[in-house]
Amino acid sequence: METLLWQVEQLPGLLAVSRSGQVRDWDPPTLDRALQWGRYFQHLHGRFRAQPRLRAALGQRLRRGQQGPPLGFGHLGRCPELLGLALLGNRALPPAACHRLLRSLLLPPSGQATPGPCSLGLLARRRAAAQLLPPPPSPAPARPEEPEPEPSLRTEAQLLLSRLQEDAEEEQGPAGVLEHLPGPRVYRVLAALLLEQAGDNAGREGASRAEHREGPRPAAAVLSWLLGDPGRLSAFCRLLPGSLLVALSARYPQLGTPYLHLLTSWGSRLRYDPLRGQWASSRCPSEDELSWEELRERFSCFMRGPAPLREAALASLKNLKLQDGDFEVCGLSVWTDLLLEMAAPL
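Here the structure is a predicted model, which means the values were calculated and not measured.

Visitor: Sorry if this is basic, but what is going on with the overall build of the protein chain here?
Guide: Summing up its helical and strand segments, the protein chain has 19 helices and two strands in all. Counting every position in the protein chain, which comprises 346 residues, the buried fraction comes to 44%. About 18700 Å² of surface is accessible on the protein chain, with carbon and sulfur atoms providing 53% of the total.

Visitor: Whenever I open this one, a nonpolar patch on the surface confuses me. Can you help?
Guide: On the surface, a cluster of nonpolar side chains totalling about 270 Å² of accessible area is made up of Phe327, Val329 and Leu332. If you trace the backbone, Leu332 turns up in the loop between α18 (307–323) and α19 (334–341).

Visitor: Looking at this structure, how should I read the packing of aromatic side chains?
Guide: How two aromatic rings sit relative to each other is given by the distance of their centres and the angle of their planes. Taken as a whole, this structure holds seven aromatic pairs when the rule is applied. When the centroid spacing of 6.5 Å and the interplanar angle of 40° are considered together, the rings of Phe299 and Phe302 count as tilted. Placement of the pair is Phe299 and Phe302 together in helix α17 (residues 292–303), with a separation of three residues, close to one helical turn. Take Phe299 and Phe302: they sit in the same class, and that class is buried.

Visitor: Help me understand helix α6 (residues 79–88) in this model?
Guide: The α-helix winds at 3.6 residues per turn, so residues separated by three or four positions along the chain end up facing the same way. Here α6 lies mainly inside the structure; 10 of its 10 residues are buried. By the burial criterion, the buried members of α6 are Cys79, Pro80, Glu81, Leu82, Leu83, Gly84, Leu85, Ala86, Leu87 and Leu88.

Visitor: Would you explain unusual backbone geometry in this entry?
Guide: Most peptide bonds adopt trans geometry, and most residues besides glycine take a negative phi value. For Asp326, which is not a glycine, the phi torsion comes out positive at approximately 60°. Examined against the element boundaries, Asp326 turns out to sit in the loop between α18 and α19. Owing to a relative accessible area of 33%, Asp326 belongs among the partly exposed residues under this scheme.

Visitor: It is not clear to me how the nonpolar core should be interpreted in this structure. Could you clarify?
Guide: The tendency in soluble globular proteins is for nonpolar side chains to be buried side by side. Membership of the largest hydrophobic core comes to 56 residues, with the highest contact counts inside it found for Leu190, Phe236, Leu248 and Phe299. Excluding residues that lie within four positions of it along the chain, Leu190 makes contacts with Leu160, Leu178, Val222, Trp225, Leu226 and Phe236. If you look at the next biggest cluster of nonpolar residues, it comprises 30 residues, including Leu15, Val23, Phe73 and Leu82.

Visitor: Please clarify how the pattern of salt bridges should be interpreted in this entry.
Guide: It is possible for side chains bearing opposite charge to pair when their charged atoms get close. Scanning all chains against the criterion turns up nine salt bridges. As a salt-bridge pair, Arg100 and Asp32 come within 2.4 Å of each other at their nearest N and O atoms. One end of the pair, Arg100, is in helix α7 (residues 95–106); the other, Asp32, is in helix α3 (residues 28–48), and 68 residues separate them in sequence. Here Lys321 and Asp326 are joined by a salt bridge, their closest N and O atoms 2.3 Å apart.

Visitor: Just to check I follow, could you spell out α18 for this structure?
Guide: End to end, α18 covers 24 Å across 17 residues, agreeing with the expected 24 Å (1.5 Å per residue, within 8%). Leu309, Ala313, Ser316, Leu317, Leu320 and Lys321 are the residues of α18 that are buried. Across the axial projection of α18, the buried residues extend over an arc of 135°, all falling on one side. What points out from α18, more than 90 degrees from its buried face, is the exposed set Pro308, Glu311 and Leu322. Packed against the buried residues of α18 are α15 (242–251), α16 (253–267), α17 and α19. Trailing α18 by a residue or two, Gly325 shows a phi angle of about 115°, which is positive.

About the thresholds
- Each chain carries its own residue numbering, running from 1 in the direction its sequence is written.
- It should be noted that, the model being predicted, local features are given only for residues of pLDDT at least 70 and side-chain atom pairs only at 80 or more, the latter also being counted only at that level, while totals for whole chains, interfaces and linings use all residues.
- With hydrogens and water set aside, each side-chain value is computed from the structure's full complement of heavy atoms.
- Only DSSP runs of H or I with at least four residues qualify as helices, and only runs of E with at least two residues qualify as strands; both kinds are numbered from the N terminus onward.
- The cut-offs for exposure are 20% and 50% of the maximum accessible area for each residue type, with area from a 1.4 Å probe on protein chains only; residues under the lower value are buried, those over the upper are exposed, and the others partly exposed.
- Computed with the Shrake-Rupley method and a 1.4 Å probe, the accessible areas treat only the protein chains shown as cover for residues.
- Surface patches are drawn from residues lacking salt bridges whose relative accessible area is over 30%; two like charges belong together within 9 Å, two nonpolar side chains (Val, Leu, Ile, Met, Phe, Trp, Tyr) within 5 Å.
- The salt bridge definition used is simple: a Lys or Arg side-chain nitrogen within 4 Å of an Asp or Glu carboxyl oxygen.
- Think of it this way: a Phe, Tyr or Trp ring, Trp meaning its six-membered ring, pairs with another when their centres are within 6.5 Å, and the plane angle makes it stacked under 30 degrees, edge-to-face over 60, tilted otherwise.
- The criterion is simple. A nonpolar core is a set of buried Ala, Val, Leu, Ile, Met, Phe, Trp, Tyr and Cys residues joined through side-chain atoms within 4.5 Å.
- The contact rule is simple, with two residues in contact once any of their heavy atoms fall within 4.5 Å.
- Between the first and last residue of a helix there are one fewer steps than residues, each counted as 1.5 Å, and that sum is the expected span.
- Read the arc as the range of directions from the helix axis to the C-beta atoms.

Written out as structure tokens, the structure reads:
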């Protein structure tokens, strides 16, 4: 039994290696061995899923010393797909090993069940097929390109998404999973999850009105968790770039207003330095403070965003300028200077 537990404990390390640069030394036989381990873990899931005590023991061993999103017993059953997705997103994988990986995903071993319409298996096959297709011609964008999560973040987001869906009916629900995620990288993973969920929801014809308004259920749980604690929301917004936060605010309107309130709170802490002729943070800046340059760039992202966000940010700046005395000269109100910097009508 101890040998079995030790083997299961290696799964987080296997997934971590599959996302790292170590795979640049993999040849096709090495890749085959990694995929065999994935199928072995899947076999363990099928063998022990009806035995609660063993399930609990295996799940506890999986969570020991993890650095990324937590794994649970259910991930053993999806291990081949999780491993395949991680490797597909890793550009360090050599061509020969990548070809073997594509073949294994598109032509799985005989007797393997056909993946369901919402399964990770189908997602892995689609990603593999997309690798073989030439990229479509890209039309000129009507607005600046929105940020695309890096492959490792997307893989971690898919792993976290499967865990949230698995634990949706548990007593603690998704919040119990999110509470134990390590930071600060987790905020980048959550952003990738929200972006991917928004894209999936937009492409579904049968999505309900509630889903279009609040986001799919996992996304709604993530947003509720973030918005439910000012410290978490502040850390989330402080860590992520302005362009990504505006992209998320465009997809999830319930995020835009709190983010805008945070920006105004951070901006109100700046003080004008007449000797240097510029706005500066306090002498002992904290993590919750922004420099003038960062504040200007984040508001500029709003101005380059969709019309509703642009109008909301502009209205907020004008209202704050009015509260400061409605001055028309530089150095008296940070909001006046922001409007002047962005060439917005006062």
